[in-house]
Amino acid sequence: MAAGYAPPISHRYLAVRSGIGHFGYSGNIITKEYGSAIVLASVVTDAELIPTDPLPEEENYCDECKLCLSVCSSGYVDPVEKVTLTLGGKEFSYGKRRSNSRCFLVCGGLTGLNASGKWSTWSPARFKIPEKDEDFTAALPSTIEAYLGRPKFEGGFFICLIPGSRMEYTCSNCHFVCHPDKEVRKARYKMLIESGVVIQEPDGSRRAISPEEAKEYLKSMPLERRKLYESIPEE
Ligand code: SF4
Ligand code: SF4
């Protein structure tokens, strides 16, 4: 979702209010069966359905471990501040979201290397992720231009905000790490940060290699190709 854009209906809001799941600190909907690895869909109707109640808050497994924030290279969710909203007379809260451009840049595949340099999303690009909200919009045009020059890969979403209308979705780490069992969350976090970084072959395929190998791989690229993946420091 782009900065400043709010959809007319929030699947998440409907889901917590109607008892599908709870808000995790991430603001994602979490469920005791599948954690937050779920996809929501809504139907708009004028049928006179009987409303269902929210789930009891004491059944919310979120213990604010914040591993969902640790796996988010974009820093989308504020680690301290929460927001509270009232839906149908009941209060709900979750971690305050920063600029939507954060998730758009990282989750949308425009860049993916974590600031540690040790792991990445499935994006092979490694442009610097800004720290401040106000710098994200400025980072979009050049990273979109590089994205358009890279070989394409399968999958993605329709989105009219990107030239060509297709976004190569490369993250959802915050969804995948979250599980009702904290030990599973920890194991998933470890798996991610020890899994290396993603590079792209000329045919568009991607694979994970060690951070050191990736640096050498990028350095060995012809300059014009390398510019599609990273900013090249002036010699
Ligand atoms: S990862 Fe931890 S803090 Fe984040 S939503 Fe899941 S349980 Fe809550
Ligand atoms: S999808 Fe990725 S970039 Fe977007 S909020 Fe989740 S972890 Fe962060």
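These numbers come from a predicted model, not from an experiment. (Residues numbered from 1 in each chain as written. Chains lettered and ligands numbered in written order. Predicted model: local features only at pLDDT ≥ 70, side-chain atom pairs only at ≥ 80, totals over all residues. Heavy atoms only, no water.)

The assigned domain composition of the protein chain is domain 1 (11-62 + 78-97) and domain 2 (100-226). Computed from C-alpha coordinates alone, the two centres of domain 1 and domain 2 are separated by 28 Å. Taken over both partners, the interface formed by domain 1 and domain 2 buries close to 620 Å², and the fraction arising from carbon and sulfur atoms is 56%. A per-residue breakdown of the area domain 1 buries against domain 2 is headed by Asn28, Ser36 and Tyr61, which together make up 61% of the total. There are zero salt bridges connecting domain 1 and domain 2. The tally of links from domain 1 across to domain 2 stands at one residue pair in polar contact (both at pLDDT 80 or more). Among the residues forming the side of domain 1 that touches domain 2, the class breakdown is three nonpolar, four polar and one charged. (Domains from an automatic or database assignment. Buried area = accessible area lost by both parts, 1.4 Å probe. Salt bridge = Lys/Arg side-chain N within 4 Å of Asp/Glu carboxyl O. Polar contact = N/O pair within 3.5 Å; in protein donor to acceptor, adjacent residues only side chain to side chain. Nonpolar A, V, L, I, M, F, W, Y, C, P; charged D, E, K, R; others polar.)

Around ligand 1, the neighbouring residues are Gly24, Tyr25, Ser26, Cys62, Asp63, Glu64, Cys65, Lys66, Cys68, Cys178 and Arg185. Class assignment of the residues belonging to the shell around ligand 1 gives a composition of five nonpolar, two polar and four charged. (Near = heavy atom within 4 Å.)

What follows is about empty space enclosed by the protein. A full pass over the atoms with the stated rule returns one cavity of 30 Å³ or more. Each pocket or cavity is described by its volume, and for the largest cavity that value is around 100 Å³. Lining the largest cavity we find 15 residues, and of these Tyr25, Cys62, Cys65, Cys68 and Cys178 sit closest to its centre. When residues of the lining of the largest cavity are sorted by domain, at least three fall in each of domain 1 (11-62 + 78-97) and domain 2 (100-226). (1 Å grid on protein atoms, 1.4 Å probe; cavity = no way out; pocket = protein on both sides within 12 Å on 5 of 7 lines; lining within 4 Å. Points joined across faces, edges and corners; volume = space filled by probe spheres on them.)

The next point concerns the pattern of salt bridges. The final tally for this structure, using the stated rule, is 12 salt bridges. Among the ionic pairs, Glu81 bridges to Lys96, the shortest N-O distance being 3.8 Å. Of this pair, Glu81 sits in strand β3 (residues 77-87) while Lys96 is found in strand β4 (residues 90-97), placing the two residues 15 residues apart along the sequence. Among the residues examined, Glu81 registers a relative accessible area of 41% and is labelled partly exposed. Taking the shortest distance from any N to any O, the salt bridge between Arg102 and Asp133 comes out at 2.6 Å. (Helix = DSSP H or I, 4+ residues; strand = E, 2+ residues; numbered from the N terminus. Buried < 20%, exposed > 50% of the residue type's maximum accessible area, 1.4 Å probe, protein only.)

So, about the environment of Ser120. Residue placement: Ser120 occurs in the loop between α3 (100-107) and α4 (136-149). Taking the C-alpha atoms as reference points, Ser120 and Gly35, separated by 85 residues in sequence, lie 22 Å from one another. Apart from the residues within four sequence positions on either side, Ser120 is in contact with Gly112, Leu113, Asn114, Leu192, Gly196, Val197 and Val198. Polar side-chain contacts of Ser120 include one of 3.0 Å to the backbone nitrogen of Val198. (Contact = heavy atoms within 4.5 Å.)

Now for the site of ligand 2. Taken together, Cys72, Ser74, Tyr76, Cys103, Val106, Cys107, Cys171, Ser172, Asn173 and Cys174 form the complete shell of residues around ligand 2. Contributions of two or more residues to the shell around ligand 2 are made by α3 and α5 (173-177). Here the shell around ligand 2 gets three residues from one element, more than from any other, and that element is α3.

The geometry of α3 relative to α4 is characterised by a closest axis approach of 9 Å and an angle of 25° between their N-to-C directions. Judged by the angle between their axes, α3 and α4 are roughly parallel. In the crossing of α3 with α4, the sense of the turn from one axis to the other is left-handed. Contact with α3, carried on its side by Ser101, Arg102, Phe104 and Leu105, involves Phe136, Thr137, Ala139, Leu140 and Thr143 of α4 and no other residues of that element. When the residues that make up the contact of α3 with α4 are grouped by side-chain class, the tally is five nonpolar, three polar and one charged. (Axes fitted to C-alpha atoms, helices over the stretch in contact; angles between N-to-C directions. Parallel < 35°, antiparallel > 145°, perpendicular 65-115°, else oblique. Left-handed = near helix turned anticlockwise from the far one by under 90°.)

The subject of this paragraph is the packing of aromatic side chains. Geometry of an aromatic ring pair is reported as the spacing of the ring centres plus the angle between the planes. What the rule picks out here adds up to four aromatic pairs. Plain terms: the ring middles of Phe23 and Tyr94 are 4.4 Å apart, the flat faces sit at 45° to each other, and that makes the pair tilted. Of the two residues, Phe23 is situated in strand β1 (residues 22-23) and Tyr94 in strand β4; the sequence distance between them amounts to 71 residues. By the burial criterion, Phe23 is buried, and Tyr94 matches it. (Phe/Tyr/Trp six-rings, centres within 6.5 Å; stacked < 30°, edge-to-face > 60°.)

This next bit is on helix α6 (residues 182-193). Given a rise of 1.5 Å per residue, 12 residues ought to cover 16 Å, and the 17 Å separating the end C-alpha atoms of α6 matches this to within 8%. By the N-cap criterion, in which a side-chain oxygen at the helix start approaches the backbone nitrogen of a residue two or three places on, α6 is capped by Asp181, the distance to Glu183 being 2.9 Å. (Expected span 1.5 Å × (residues − 1).)

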